[in-house]
Amino acid sequence: MRILVTSLLIMIALISTASIGQSQSAISSIFTPPLGYRDDYDYGAPTYADYGTKNENLIGGSCFGVPWKELYHAGEDWFRIGENGENIPIPGAEVTAVADGTVIWAQPINYPGRVVVVSHTDPLLPQTTYSVYSHLTDPLDVQAGDSVLRGQKLGTVLYQINNNSHLHWEIRYFADGSNIYPNYPNCNGSVPGRGYTYPEHPDNFPSATAGYTDPFTFVTNRAGVFLPHLMRYEDTFEPNDSFNTAASVNSGVWYQSYISSSGDNDWYTFSVTVPSGSARNIDLYLQSIPPGTNYNLELYSPANQLLRSSNQPSNNSEFIRYYTTSSGAYRMRVYSASGFSHIDSYDFRVDVLSAPTQ
Ligand SMILES: [Zn+2]
């Protein structure tokens, strides 16, 4: 099955650090594909180069004691997809970080081009997750140790002969692929690994709990910035400028909206149900705030009392946690202390979570 990436928003790199308790940590819950961040093209993998497939086009050489064409692809090879579904090579295409994270590798390897590996940690991710970007041009735009933001440029796609200029990218749950093939030392390389597995499917390689995962599926399931083209500049929540006109949202879902004019402020309502004798934490997230603005966040009780506010400087992300034993229709308010944008959205989310009674 051909995978199409459609409808990418034009976004610019956004700062997204959130304060959680006393510590500052990068929030990388929202993922976007590594190509197309600032253009309108469709990108995707041909069937033969999809995740977990065997590539019959790989001729010559061997690894794991079998010909390359017997190996399972541990990532996806992305080309630009033309109007008739053809694969268009993409030398020079801009490759961007799929989420906020830290670069742990930015070097050449034993296949063409350079490789970048970024680690992502987040309270909403089950475990540390790594994104891998291969066949990049020298020099890269980042180096090991750099913090990167979702949408930040890492480098560009390497020119390869035979119309084969593409990005190989992976999502996986292990950092170091340098020694994961002990029975086939000729397959070992450096940290990024080989990009293929055998005999296990990449889901289970090198172990069932620390293997690869389907990168496009992973990113799509966490794609906070995907919207159809037609919705690009629409604020579908308006009018929601007051406590009484707050727009309904659900717990556990990322949303996007806009402070679209001077003086605009956005109210959202969500229901909290607390069974007798138990308690809930209300977690509010506000992130991907447009550069050059300062948006802040407030939580209100069902009786319209201000319960908590989060006022980070500039466009730093906001986070509120509030413990409650009271049910009702709570409100969150997003407002601007300075600036606005009807082009760049912000991302927000409510989580109502079970909490131990205090
Ligand atoms: Zn590949």
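Shown above is the structure to which this text applies.
From a predicted model like this one, the values you see are computed outputs, not experimental measurements. (Residues numbered from 1 in each chain as written. Predicted model: local features only at pLDDT ≥ 70, side-chain atom pairs only at ≥ 80, totals over all residues.)

### Observations regarding the overall build of the protein chain
Point 1. For the protein chain, the helix and strand inventory stands at one helix and 26 strands.
Point 2. With 358 residues in all, the protein chain has 41% of them scored as buried.
Point 3. Expressed as a percentage of contacts within the protein chain between residues at least 6 apart in sequence, the contacts between residues at least 24 apart total 71%. (Helix = DSSP H or I, 4+ residues; strand = E, 2+ residues; numbered from the N terminus. Buried ≥ 20, exposed ≤ 12 C-beta atoms within 10 Å, placed from the backbone. Contact = placed C-beta atoms within 7 Å.)

### With respect to the pairing of strand β11 (residues 114-120)
Point 1. Most of β11 is tucked away, with six of its seven residues classed as buried.
Point 2. One ladder, built from six bridges, connects strand β10 (residues 101-108) with β11; its direction is antiparallel. What sits directly across from A106, in β11, is V116. (Pairing = 2+ DSSP bridges.)

### Observations regarding the pairing of strand β7 (residues 76-81)
Point 1. Counting buried positions along β7 yields six of six residues, so the element is predominantly enclosed.
Point 2. Both β7 and strand β15 (residues 167-172) contribute to a ladder of three bridges, which runs antiparallel. Looking at the pairing, E76 lines up with W169 of β15.
Point 3. Here two bridges tie β7 to strand β8 (residues 87-88), and the two strands are oriented antiparallel to one another. Following the sheet pairing, I81 is matched in β8 by N87.
Point 4. Connecting the antiparallel pair β7 and β8 is a turn made up of five residues, with G85 showing a positive phi of about 85°.

### Here's the deal with unusual backbone geometry
A negative phi holds for most residues other than glycine; trans holds for most peptide bonds.
Point 1. The residue after Y198, namely P199, is reached through a cis peptide bond having omega 0°.
Point 2. Along the chain, P199 turns up in the loop between β16 (196-197) and β17 (212-213).
Point 3. Each neighbour pair has its own omega, and for F205 with P206 the value is 5°, a cis peptide bond.
Point 4. Among the structural elements, P206 can be located in the loop between β16 and β17.
Point 5. Non-glycine residue N304 carries a positive phi angle of around 70°.
Point 6. Within the fold, N304 resides in the loop between β22 (294-300) and β23 (306-310).
Point 7. Positive phi values are uncommon outside glycine, yet S314 reaches one of about 40°.
Point 8. Relative to the assigned elements, S314 resides in the loop between β23 and β24 (318-324).

### Observations concerning the sheet that holds strand β19 (residues 254-257)
Point 1. With antiparallel pairing, the four strands of this open sheet are ordered in space as β19-β26-β21-β24. What marks the edges here is a single partner per strand, and that holds for β19 and β24. Each strand of the sheet is rotated relative to its neighbour by a mean of 20°, with strand direction disregarded.
Point 2. Bridging between strand β21 (residues 279-287) and strand β26 (residues 346-355) involves nine bridges; their strand directions are antiparallel. (Axes fitted to C-alpha atoms, helices over the stretch in contact; angles between N-to-C directions.)

### Here's the deal with the environment of V115
Point 1. Within the fold, V115 resides in strand β11.
Point 2. In this structure, V115 is in contact with W105, Q107, I109, V132, Y133, S134, L136 and P192, ignoring residues within four places of it in sequence.

### Structural notes on the nonpolar core
Point 1. Grouped together as the largest cluster of nonpolar side chains are 36 residues, with contacts concentrated most on V95, V115, V116, Y133 and L136.
Point 2. Elements supplying a minimum of two residues to this core: β7, β10, β11, β12 (129-136), β15 and α1 (215-221).
Point 3. Listed in part, the 22 residues of the second largest apolar core include Y258, I259, Y268 and Y346. (Core = buried A, V, L, I, M, F, W, Y, C linked by C-beta atoms within 7 Å.)

### Structural notes on the environment of T209
Point 1. Position of T209 relative to the elements: it lies in the loop between β16 and β17.
Point 2. Considered as a pair, T209 and F174 are 35 residues apart in the sequence and their alpha carbons are 9.4 Å apart.

### Let's talk about the sheet that holds strand β18 (residues 247-248)
Point 1. The sheet built from five strands is open, its strands ordered β18-β20-β25-β22-β23 with mixed pairing. The sheet is open, and its two edges are formed by β18 and β23, each paired on a single side.
Point 2. Note: strand β20 (residues 265-272) against strand β25 (residues 328-338), eight bridges, orientation antiparallel. Bridge pairing links F270 to Y330 in β25.

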